[in-house]
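Next come the chains, spelled out residue by residue.
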Amino acid sequence: MIRIKLTFTLSFLMVGLGLMAQEMRTVRGSVTDGTNPMKDVVIAVQGKQDRRTFSDEDGKYEIQAEVGDFLEYSYTGMKDYLVRVEEVTRYMNLIMIPDVEELDEVTVTESRRKSQQDLAIEYAGNPRILKTAFGYLDADTAPAQVRMLDQRTILPVAICILDVIRNRFPGITTTGNCQEGGAVIFRGGGSISNQRVGIFDVDGLVLQQAPIWIDVNQIKRMALISSVAYTARYGAVGSGGVIVINTISGNPQQNKIVDQARLRNNYVKEPALDGTGVAYSEPSYMSALREANSFEDAQTVYARYESQYRSSAYFYLDAYKHFYQTLGETEFADKIIRENNRVFEKNASMLKALAYSFQEQERFQKALEAFKEVFIMRPNYSQSYQDLALAYRDAKAYDKAAAIYARYKYLVDENFLLPSEDFSKIIQHESDNLLKLHASQIGANARKLVSDPFVQNTTRVVVEWNETEAEFELQFVNPEGQYHNWKHTYIDNEDRIIDEKMTGYSMEEHIIDSALPGLWEVNVKYQGNKSLTPTYLKVTTYYNYGERDQTKQVNTFKLTLRNNWQKLLSINNPGVSRVR
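Treat the numbers as computed from the prediction; the structure is a model and nothing was measured.

Asks: Go over the overall build of the protein chain, please, and point to the residues and values.
Replies: From N to C terminus, the protein chain includes 14 helices and 24 strands. Burial statistics for the protein chain: of 580 residues in total, 54% are counted as buried. Split by element, the accessible area of the protein chain, about 26900 Å² in all, is 47% carbon and sulfur.

Asks: Give a detailed account of the sheet that holds strand E4 (residues 60-66), specifying residues and quantitative values.
Replies: Strands sit in the order E4-E1-E7 across an open sheet of three strands; the sheet is mixed. Of all strands in the sheet, those bounded by a partner on one side alone are E4 and strand E7 (94-95). Across two bridges, the pairing between strand E1 (residues 24-32) and E7 is parallel. Paired with Val31 across the strands is Leu94, a residue of E7.

Asks: Any chance you could break down the pattern of salt bridges for me, citing the residues and the numbers?
Replies: Side chains bearing opposite charge may pair, as long as their charged atoms lie close to each other. In the structure shown here, the tally under the stated rule is 28 salt bridges. Where Arg378 meets Glu87, a salt bridge forms, and the shortest distance between an N and an O atom there is 2.9 Å. Of this pair, Arg378 sits in the loop between helix H10 (364-377) and helix H11 (382-394) while Glu87 is found in the loop between strand E6 (81-84) and E7, placing the two residues 291 residues apart along the sequence. Across this residue pair, the class does not change: Arg378 and Glu87 are buried. With a closest N to O distance of 3.1 Å, Glu282 and Arg290 form a salt bridge. Three or more residues are tied together by salt bridges with common partners; here these are Lys48, Arg51, Glu66 and Asp69.

Asks: An account of the packing of helix H12 (residues 398-413) against helix H13 (residues 421-442) is needed here, citing residue identities and associated values.
Replies: One way to put it is that H12 packs onto H13 with a least axis distance of 10 Å and a crossing angle of 145°. Judged by the twist between their axes, the crossing of H12 over H13 is left-handed. Residues Tyr398, Asp399, Ala401, Ala402, Tyr405 and Tyr408 of H12 form the contact with H13, whose participating residues are Phe423, Ile427, Glu430, Ser431, Leu434, His438, Gln441 and Ile442. A per-class count over the contact of H12 with H13 returns nine nonpolar, three polar and two charged.

Asks: Explain empty space enclosed by the protein residue by residue, including any values.
Replies: All chains considered together, the criterion is met by nine cavities of 30 Å³ or more. Lining the largest cavity are 15 residues, with Arg378, Tyr381, Thr468, Gly504 and Tyr505 sitting closest to its centre. Those elements giving two or more residues to the lining of the largest cavity turn out to be H11 and helix H14 (494-503). The residue inventory of the lining of the largest cavity, partitioned by class, reads three nonpolar, five polar and seven charged.

Asks: Lay out helix H5 (residues 284-291) in plain terms, naming residues and giving numbers.
Replies: Every buried residue belonging to H5 is among Tyr285, Met286, Ala288 and Leu289, and all of these are buried. Seen end-on, H5 carries its buried residues on one side only, within an arc spanning 160°. Summarising the contacts, the buried residues of H5 are in contact with helix H6 (295-309), helix H7 (313-326) and strand E23 (551-559).

Asks: Can you explain the sheet that holds E6? Please cite residues and give values.
Replies: Read from one edge of the open sheet, four strands run E3-E2-E5-E6, paired in antiparallel fashion. Single-partner strands in this sheet number two, and they are strand E3 (52-54) and E6. Taken pair by pair, the neighbouring strands of this sheet meet at an average axis angle of 20°, ignoring direction. The pairing of strand E2 (residues 42-45) with E3 spans three bridges and is antiparallel.

Asks: Tell me about the nonpolar core, and please be specific about residues and values.
Replies: Counting 72 residues, the largest nonpolar core has Tyr302, Leu317, Phe323, Phe344 and Met350 as its most contacted members. Per-element tally for this core: the top contributor is H7, with nine residues. Aside from chain neighbours lying at most four places away, what touches Met350 is Ala313, Tyr314, Leu317, Phe344, Asn466 and Tyr536.

Asks: Before we move on, could you go through the environment of Lys501 and cite the residues and values that matter?
Replies: Its location among the elements puts Lys501 in helix H14. Lys501 sits in the buried class, given a relative accessible area of 5%. Distance in space between the C-alpha atoms of Lys501 and Arg84 is 6.2 Å, their sequence separation being 417 residues. Sequence-distant contacts of Lys501, defined by excluding residues within four places in its chain, comprise Phe70, Leu82, Val83, Arg84, Glu469 and Tyr490.

Asks: I'd love a proper account of the pairing of strand E9 (residues 135-138), names of residues and values included.
Replies: Bridge analysis of strand E8 (residues 129-132) against E9 gives four bridges, and the strand direction is antiparallel. Looking at E9, one finds that Leu130 is bridged to Leu137. Here E8 folds back onto E9 in antiparallel fashion, the turn holding two residues.

Rules of the game
Residues numbered from 1 in each chain as written. Predicted model: local features only at pLDDT ≥ 70, side-chain atom pairs only at ≥ 80, totals over all residues. Heavy atoms only, no water. Helix = DSSP H or I, 4+ residues; strand = E, 2+ residues; numbered from the N terminus. Buried < 20%, exposed > 50% of the residue type's maximum accessible area, 1.4 Å probe, protein only. Areas by Shrake-Rupley, 256 points an atom, 1.4 Å probe, with all protein chains shown as cover. Pairing = 2+ DSSP bridges. Salt bridge = Lys/Arg side-chain N within 4 Å of Asp/Glu carboxyl O. Axes fitted to C-alpha atoms, helices over the stretch in contact; angles between N-to-C directions. Left-handed = near helix turned anticlockwise from the far one by under 90°. Contact = heavy atoms within 4.5 Å. Nonpolar A, V, L, I, M, F, W, Y, C, P; charged D, E, K, R; others polar. 1 Å grid on protein atoms, 1.4 Å probe; cavity = no way out; pocket = protein on both sides within 12 Å on 5 of 7 lines; lining within 4 Å. Points joined across faces, edges and corners; volume = space filled by probe spheres on them. Arc of directions from axis to C-beta. Core = buried A, V, L, I, M, F, W, Y, C linked by side-chain atoms within 4.5 Å.

Below, the structure written as structure tokens:
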């Protein structure tokens, strides 16, 4: 994070921090198993024993809660849910799913040294245990330094295992690419041409070639081990170090290696729906606006529907975008927002959606004003700092953007804001990028700044969403038709979503593989946000990230159609001549 002295102060930075107005409200909703209503689901306010209720025979419930509270939903045999009560929370509808995870019994003994049977029992619940070709290895008691990543840390921002190692293990040299293969070099040999390369132990199967066919999403945990005290058991081939990889599909209770070849067949079989295919799910007023033959006809359509939708911020935002972007009637579009500000002013989610549109239209001053309002409502959300800093940067107020990043770091260091490992990486990249490209305007010295090679000179895609309860999958399809998915769903990524709720952020970054230049497609499968409202998605694509010729493109999307792959955008990835 930026470490500079700043004279700029914002009076509203501390407004409400830790002192948010405790507005009591009634939260209503229903709970089902996807088909039938669920009776006797426990809904409780976390940490408040006197605040709990049960769903009735129709699955319906209501409970009193305050902004900032967390609601816990629990039912025997089903996965628990945690929901944050926000200033916009009124209705919360859940679909509960079976909790199929079984926790093995753990035997506790006085000795730190455990048998292979003990380690096998603990494997499922202890992320510090690895399965190797020579049995189970406890990283905490191993006769070597073990550098580990677990499933939560291994985010699918890379195409293959080489990218994961290159981006997440500093000091390790990785050569090659995800199409032709490569090598991992822990330490040098007698000469450049005689460097010793690492071998791979995948679920107990020893490989000398990099397993670039492994789907990054399938990695449960992995570790790098270079100590001769441990690698000697692999013989001469292990003298260069060992990369141990345990996959989700590898069965830790069997010695047989699961065939991973099927993971190579990750080709898109059916195209995602384009705008035409999604249009049938849009509201009737949008169809009528699109069919209008003139500006005057569109005004008539708007007036006809306004009385019906006058309390809907979604209606006004849709109308604004249509008149501004499609018809080019900017004055009338601004009038729509100005005269109906009441539906946005106390709704942080919709203010964010409006700000997304302003950013897409490069109306940066308007976006800044919207994000200021969101910040005042949500000063204890980590996302509020990133949004406000970026808005200041877009408005060319670089010193104020730097001040926001510095303030965020201070509040985390002083425990006023909860830290998040995932979010800290993203905001660090944003902060470093600001300092690297605008140091002279800030009055700082960027010479000592070391940019993360994971993002430097890449095509970087940042995805943000306005509804914190939104669940969806992102799909990145490379020019050869192969894909990888990132799942933002409670069932697939529970730890990440709970981390988002506790620390208050709603964004993710993905790096497009520089070794595969050409046209990439980004698709989404929307699964809802626990209410009947849409979710707005902002996708920012950075080209040549961190370089002087860095550029970006902002696109926004309204998600309503569920459980269908929809095409968001195409990205022309230029690639780079060098392998990072």
